Amino acid sequence: MGVGSTNLLALVELEPDFIKVDRSLIQGISTSGAKQRLLKHLTQFMQSENAVIAEGVEYREDLLAIRESGVSLSQGYYWAPPVTMDNDMLLTAEIETKREALIKLVDKKDGVLTDDDVVTKSQELDLLITQHCRLQQRW
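Calculation criteria
- Residues numbered from 1 in each chain as written.
- Predicted model: local features only at pLDDT ≥ 70, side-chain atom pairs only at ≥ 80, totals over all residues.
- Heavy atoms only, no water.
- Helix = DSSP H or I, 4+ residues; strand = E, 2+ residues; numbered from the N terminus.
- Buried < 20%, exposed > 50% of the residue type's maximum accessible area, 1.4 Å probe, protein only.
- Contact = heavy atoms within 4.5 Å.
- Areas by Shrake-Rupley, 256 points an atom, 1.4 Å probe, with all protein chains shown as cover.
- Pairing = 2+ DSSP bridges.
- Salt bridge = Lys/Arg side-chain N within 4 Å of Asp/Glu carboxyl O.

K.L.:
Would you mind going over the overall build of the protein chain in detail, with residue names and values included?
P.N.:
For the protein chain, the count of helices and strands is six helices and three strands. The secondary structure elements of the protein chain, listed N-terminal to C-terminal, are α-β-α-α-β-α-β-α-α. Looking at the protein chain as a whole, 27% of its 139 residues qualify as buried. Looking at the protein chain alone, contacts between residues at least 24 apart form 52% of all its contacts between residues at least 6 apart. When the accessible area of the protein chain is evaluated, it comes to approximately 9400 Å², of which 54% is carbon and sulfur surface.

K.L.:
Can you explain the pairing of strand 2 (residues 52-55)? Please cite residues and give values.
P.N.:
Where burial is concerned, the two faces of strand 2 differ: the one with Val52 and Ala54 is buried and the one with Ile53 and Glu55 is not. Note that strand 1 (residues 19-21) and strand 2 share three bridges and pair parallel. Note on strand 2: the bridge partner recorded for Lys20 is Ile53. Across three bridges, the pairing between strand 2 and strand 3 (residues 73-75) is parallel. Residue pairing in the sheet places Glu55 in a bridge with Gln75 of strand 3.

K.L.:
Mind laying out the pattern of salt bridges, listing which residues take part and the relevant values?
P.N.:
Side-chain pairs of opposite charge can arise whenever the charged atoms involved come near each other. For the structure on display, the rule yields six salt bridges. The salt bridge partner of Arg99 is Glu96, with a shortest N-O separation of 2.6 Å. Note that Arg99 and Glu96 are positioned in helix 5 (residues 85-108) at a spacing of three residues, about one turn of the helix. Take Arg99: its relative accessible area is 35%, and that puts it in the partly exposed class.

Here it is in structure tokens:
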């Protein structure tokens, strides 16, 4: 949904399971009450916060406004740049390398999971896994 991509009649007639909201309606949403209201109405129309996908999220402020409007799914450079399938394989290899390093670090710290180094490495691994999962959902 967005500028030139579809119209409201098509939305009503097709009754899609998901709609992706064009970046032109998402960028700058944090400073536009009109955009926020429109997004909130689209979410209400779709009857699910998981049925609306915000495209083109680049800034945290816009992400927060999107969430306040009831949308929980988004994509854009805020999360990660687009990744090719070849890069996905590299990401998978990086995840495995970091996972093995984390296991060794936990062993070195006598199994203490609250150690600052362990927590930091675990968070890094979580970010990579989250990115990988999001990429898998796109394909």
